[in-house]
Amino acid sequence: MKTLLLTLISACALLVSALPLRAETLLHVLDIRLDPERSRLDGSIRLALPEGADDPLLLRLAPQCDLLGASADGRPLPAKRSGEMLVIDLPAPPPAEIRIDYRAVFSDHPPSNPAHDEDPSYGVTASITTRGAFLSGAWYPLWLEHPARYQVRVETPRGYLAVTSGTRMNSEETAESSITTWRTDYPHRALALAAGPYVVSSEPFGDLLIEGYFHPRNQELAATYLAAVRRYLELYQEIFGPYPFEKYAVVENFFPTGYGFPGWTLLGGSVIRLPFIVETSLGHEIAHSWWGSGVAVDRSRGNWAEGLTTYVADHLYKERESSDAAREYRRNILRDYATLVDDAEDFPLGDFTRRESKASQAIGYGKAAMLFHMLRKEIGEKAFWGGLRTLAAERMHTGADWDDLRLAFEGTSGRDLEDFFRQWLERSDAPVLGWGDIRREERDGSWRVSGSLRQRGKPYRLAIPIRFTGENAVEERVILATEAETSFSIDLPWPPRSMEIDPEADLFRRIAPEEIPPLVNGIRGANNLLVIVAAGLTPELRTAALSLLGALRQERGKIITETEADPELLRRHDLLFIGLPKRAEIRPRWPGEPLIEESRLILDGQSFARTETDLFVALPHPLVGDKACALFLPAEAEGTRVAARKIPHYGKYGYLAFVAGENRVKGVSPPLSNPMRYLFNLENSK
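Residues numbered from 1 in each chain as written. Predicted model: local features only at pLDDT ≥ 70, side-chain atom pairs only at ≥ 80, totals over all residues. Heavy atoms only, no water.

*Asks:* Can you help me understand the overall build of the protein chain in this one?
*Replies:* Looking only at helices and strands, one finds 14 helices and 40 strands in the protein chain. Taken over the C-alpha trace, the protein chain has a radius of gyration of 28 Å; the compact-globule value for 686 residues is 26 Å, and the two agree within 12%. Referenced to the eigenvectors of the C-alpha coordinate spread, the extents of the protein chain come out at roughly 95 × 65 × 45 Å. The 686 residues of the protein chain split such that 58% are buried. The contacts of the protein chain with a sequence gap of at least 6 include a subset with a gap of at least 24, amounting to 68%. (Helix = DSSP H or I, 4+ residues; strand = E, 2+ residues; numbered from the N terminus. Rg over C-alpha atoms; globule rule 2.2 N^0.38 Å. Buried < 20%, exposed > 50% of the residue type's maximum accessible area, 1.4 Å probe, protein only. Contact = heavy atoms within 4.5 Å.)

Okay, here's the thing in structure tokens:
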């Protein structure tokens, strides 16, 4: 579930990023009325035009919008519609502003039980309901080529308040209506808006306000969220510099989102109650205030903001927890890439613009985060964090691309980083490392280890850390590798017992299958899945369990019964067993837990009733070493359907137990082996 939230967070932030404040910055005045009972919006916008505005004027307006008219100085203007395009002919000379009146019905239906989270918007661009409203995209006439400041007046039924970017200038209530007015200090390409039956909480933080807009049932969470926002703002202002917007608001949505916009975040009501949101996802979104919203992304030249925010939020929190937690976080990045991204789906990091699948997320978020980690190792702490402060100071409220980032880090490090960025941004692969021939020799009381490091395929330029371990000693060295095979010779004052490549997971690389424990993501990333349904499942339980395929995006997996299975067929496929087969010769096996008995399951030392517990366990493939395998043991249909929807959110885990749809146990089995570790013994030493 946590992974889902991190990918949902800031899904819309880049579209609505604030942009540079210029002397000729325009101010658009938007006046709308929401009618939740009819999902209706009535609106008008006074669109300010610069001198010499292009004729015709090309705008975007959602197809759900009916154009009521366009005018200038009270005189009608010719206007044409084509899909989302709105074309308005301007008189000569162009007027200082035009007025556009429109009406819309926005009725996208948020799913109550989405099968998967590949599309974090769930297909909802704009929706107005009695439970709440969310408006994004071209819900008003958009002039993307000319970012502008906005003044937005929103009239809603009494007790139903609206929130958008900027400062809340005033709020008032009549006998029937609530009216709020917002104004932005910085230009925006587009605005999003949310509305609902909010209870408002606020407190000062320096010159700005921290605000909470919660539904009454969640209002008790406001104090927790506002205190957390304060902590994150203090942290990031110290690291990056001044907070770049007028306020920071946490706003509750009526369906399960985790969106980020300039100056506010929009979290679903079911999301907002999850305890880990305050500790991780909220901070991730606040970091986006600097990276993605404040310093905007030029998507035509790639999206760096998701990876940077992942690194300075999610990874940083693990780093502050412990070095072990940070190392495990990086290992999970490498596991995700290895299990979700095959050669056919790989692409250069520089081509990433937005998350479209788990594979693209593993590249645009994970690989990019590792780029920043390797850069930090390459140039040092002072230059890395100084480069980010420089970037924030020089590019705030303007756009930046990968070249701008490179130049900022070159300025603080005094290094030429073009080759570093080129190899990690332009190549659609990852280093694959291994050992060459290794020798260990004793020389006059010291020990010399010599041999080579190998890279498969076209070599990268890598600073490869090697850890040597003796009986009571540890020493680390770094070997610069630029060739397919790089020789080394290292002297140690004691006899090494082992050595290991990249023990702290500091390098982005494609890890070997043996390094990856069986994981949920192994099934999610399977390319040739065979689903074996055990005999004895009721039709209702079978249907509930097979809903897992939709959640895993494995709808094309081939489904057979256990009577149709034979070893040769199993050998050719990744395997997912639904229920425990009665045929012993095809039944998956594993050492130790989970123990599956007639009436109970034992997992992590805990005992569960079989009739109440859904079990998912990823396993070694019984016949071949390079394919995935898992068992899903369903209990009862209602809880199984809920568990099936949740399992993909636990992609980095290898075993899971659910009771009534709630996760009770999660964990990872150890990897089968570690080919990056070389063990010295009498047979391989001299």
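*Asks:* Teacher, can you tell me more about the sheet that holds strand β35 (residues 606–609) here?
*Replies:* Adjacent strands of a sheet form backbone hydrogen bonds with each other and so pair up, either parallel or antiparallel. The sheet built from three strands is open, its strands ordered β33-β34-β35 with antiparallel pairing. Edge strands, defined here as strands with exactly one partner in the open sheet, are β33 (595–596) and β35. Alignment of strand β34 (residues 600–603) against β35, held across four bridges, turns out to be antiparallel. Bridge pairing links Arg600 to Ala609 in β35. (Pairing = 2+ DSSP bridges.)

*Asks:* I keep staring at a negative patch on the surface and nothing clicks. Help me out?
*Replies:* Where like charges cluster on the molecular surface, the negative patch consists of Glu540, Glu612, Glu636 and Glu638. The residue Glu638 is located in helix α14 (residues 637–646) in this model. Look at Glu638 and you get exposed, because its relative accessible area is 60%. (Patch = residues over 30% accessible without salt bridge, like charges linked within 9 Å, V, L, I, M, F, W, Y side chains within 5 Å. Areas by Shrake-Rupley, 256 points an atom, 1.4 Å probe, with all protein chains shown as cover. Salt bridge = Lys/Arg side-chain N within 4 Å of Asp/Glu carboxyl O. Lys, Arg positive; Asp, Glu negative; His and termini not counted. Charge placed at Lys NZ, Arg CZ, Asp CG, Glu CD.)

*Asks:* Which parts of the structure should I look at to understand the sheet that holds strand β23 (residues 398–400)?
*Replies:* Strands sit in the order β21-β22-β23 across an open sheet of three strands; the sheet is parallel. Edge positions in the open sheet fall to β21 (291–292) and β23, since each of these has one partner strand only. Relative to β23, strand β22 (residues 295–297) runs parallel, the two sharing three bridges. When the bridges of β23 are listed, Val297 appears paired with Ala400.

*Asks:* How should the UniProt feature "domain: Peptidase M1 membrane alanine aminopeptidase" (unreviewed entry) in the protein chain be read in this particular structure?
*Replies:* Mapped onto this structure's residue numbering, the UniProt feature "domain: Peptidase M1 membrane alanine aminopeptidase" (unreviewed entry) falls at residues 281–424. Measuring from the first to the last C-alpha atom of residues 281–424 gives 27 Å, for a span that is 69% helix and 6% strand. (UniProt positions renumbered as here; feature names shortened; annotations may be inferred.)

*Asks:* Whenever I open this one, the environment of Arg153 confuses me. Can you help?
*Replies:* Relative to the elements of secondary structure, Arg153 occurs in strand β11 (residues 148–157). Taking the C-alpha atoms as reference points, Arg153 and Asp502, 349 residues apart in sequence, are found 56 Å from one another. Setting aside residues up to four positions removed in sequence, Arg153 forms contacts with Leu30, Asp31, Ile32, Ile179, Thr180 and Thr181.

*Asks:* Can you walk me through helix α2 (residues 222–240) in this structure?
*Replies:* Each α-helix turn comprises 3.6 residues. Residues three or four places apart therefore point the same way. In this model, α2 (19 residues) spans 26 Å end to end at C-alpha, consistent with the 27 Å of a helix rising 1.5 Å per residue. Taken together, the buried positions of α2 are occupied by Ala222, Tyr225, Leu226, Ala228, Val229, Tyr232, Leu233, Leu235, Tyr236, Ile239 and Phe240. With its phi angle positive at about 115°, Gly241 sits one or two positions after the end of α2. (Expected span 1.5 Å × (residues − 1).)

*Asks:* I would appreciate a short explanation of the domain arrangement of the protein chain in the present structure.
*Replies:* Bring the parts together and some accessible area is lost; that lost area is often taken as the interface size. Domains assigned within the protein chain are domain 1 (296–426), domain 2 (432–514) and domain 3 (520–667). On a C-alpha basis, the centroid separation for the pair domain 2 and domain 3 is 39 Å. (Domains from an automatic or database assignment.)

*Asks:* Got a minute to help me understand unusual backbone geometry in this structure?
*Replies:* Working note: non-glycine residues mostly have negative phi, and peptide bonds are mostly trans. A cis geometry characterises the amide bond from Asp55 onward to Pro56, with omega recorded as 5°. Looking at where Pro56 falls in the secondary structure, it is placed in the loop between β2 (40–48) and β3 (57–60). A cis amide bond links Ala92 with the next residue in sequence, Pro93, at an omega value of -10°. Along the polypeptide, Pro93 turns up in the loop between β7 (85–88) and β8 (97–105). Even without a glycine there, the phi angle at His397 is positive, about 60°.

*Asks:* Would you take a moment to explain the pairing of strand β29 (residues 498–501) for this structure?
*Replies:* Side chains on a regular strand alternate between the two faces of the sheet. Neither face of β29 is left uncovered, since the one carrying Ser498 and Glu500 and the one carrying Met499 and Ile501 both have all their residues buried. Both strand β26 (residues 462–469) and β29 contribute to a ladder of four bridges, which runs antiparallel. Note that in β29 the partner of Ile466 across the bridge is Ile501. Pairing analysis gives three bridges linking β29 to strand β40 (residues 677–679), with the strands arranged antiparallel. Its bridge partner lying in β40, Met499 is registered against Tyr678.

*Asks:* Got a minute to help me understand the pattern of salt bridges in this structure?
*Replies:* As a working rule, side chains carrying opposite charge can pair if their charged atoms are close by. Taken as a whole and judged by the stated rule, the model has 50 salt bridges. One salt bridge in this structure joins Glu155 and Arg33, with 4.0 Å as the shortest N-O distance. Of this pair, Glu155 sits in strand β11 while Arg33 is found in strand β1 (residues 26–35), placing the two residues 122 residues apart along the sequence. The exposure class assigned to Arg33 is partly exposed, which follows from its relative accessible area of 38%. A salt bridge links Arg422 to Glu418, with the nearest nitrogen and oxygen atoms 2.8 Å apart. Separated by four residues within a single helix, Arg422 and Glu418 lie in helix α10 (residues 418–426), roughly one turn from each other. One salt-bridge network, held together by shared partners, links Arg301, Asp401, Asp403, Arg406 and Glu410.

*Asks:* Whenever I open this one, the environment of Ala79 confuses me. Can you help?
*Replies:* Structurally, Ala79 is set in strand β6 (residues 79–82). The partly exposed category is assigned to Ala79, whose relative accessible area is 33%. Sequence-wise, Ala79 and Pro56 are 23 residues apart; in three dimensions their C-alpha atoms are separated by 9.3 Å. Filtering out sequence-adjacent residues up to four positions away, Ala79 remains in contact with Leu67, Leu86, Val87 and Ile88.

*Asks:* How do you make sense of the side chain of Thr164 when you look at a structure like this?
*Replies:* The topology assignment puts Thr164 in the loop between β12 (161–163) and β13 (167–173). On the accessibility criterion, Thr164 (1% relative accessible area) is buried. Within the structure, Thr164 has its side chain in polar contact with the backbone oxygen of Ala192 (distance 2.6 Å). Setting aside anything within four residues of it in sequence, one finds Thr164 in contact with Trp182, Leu191, Ala192, Leu193, Lys247 and Trp264. (Polar contact = N/O pair within 3.5 Å; in protein donor to acceptor, adjacent residues only side chain to side chain.)

*Asks:* Would you mind showing me how to read the confidence of the model for the protein chain here?
*Replies:* Keep in mind that low pLDDT regions are not for reading the predicted coordinates in detail. Residues at a pLDDT of 70 or more form 93% of the protein chain, whose mean pLDDT is 91. Below a pLDDT of 50 lies the segment residues 682–686, which in the model reaches nine contacts outside its immediate sequence neighbourhood of four places, other chains included. (pLDDT = per-residue confidence, 0-100.)

*Asks:* Sorry, what's going on with the packing of helix α5 (residues 305–321) against helix α7 (residues 358–379) here?
*Replies:* Packed helices, taken two at a time, are described by the angle their axes make and the gap between the axes. One way to put it is that α5 packs onto α7 with a least axis distance of 8 Å and a crossing angle of 70°. Classified by the interaxial angle, the pair formed by α5 and α7 is roughly perpendicular. Residues Glu306, Gly307, Leu308, Thr310, Tyr311, His315 and Glu319 of α5 pack against Gly364, Tyr365, Ala368, Ala369, Phe372, His373 and Arg376 of α7. (Axes fitted to C-alpha atoms, helices over the stretch in contact; angles between N-to-C directions. Parallel < 35°, antiparallel > 145°, perpendicular 65-115°, else oblique.)

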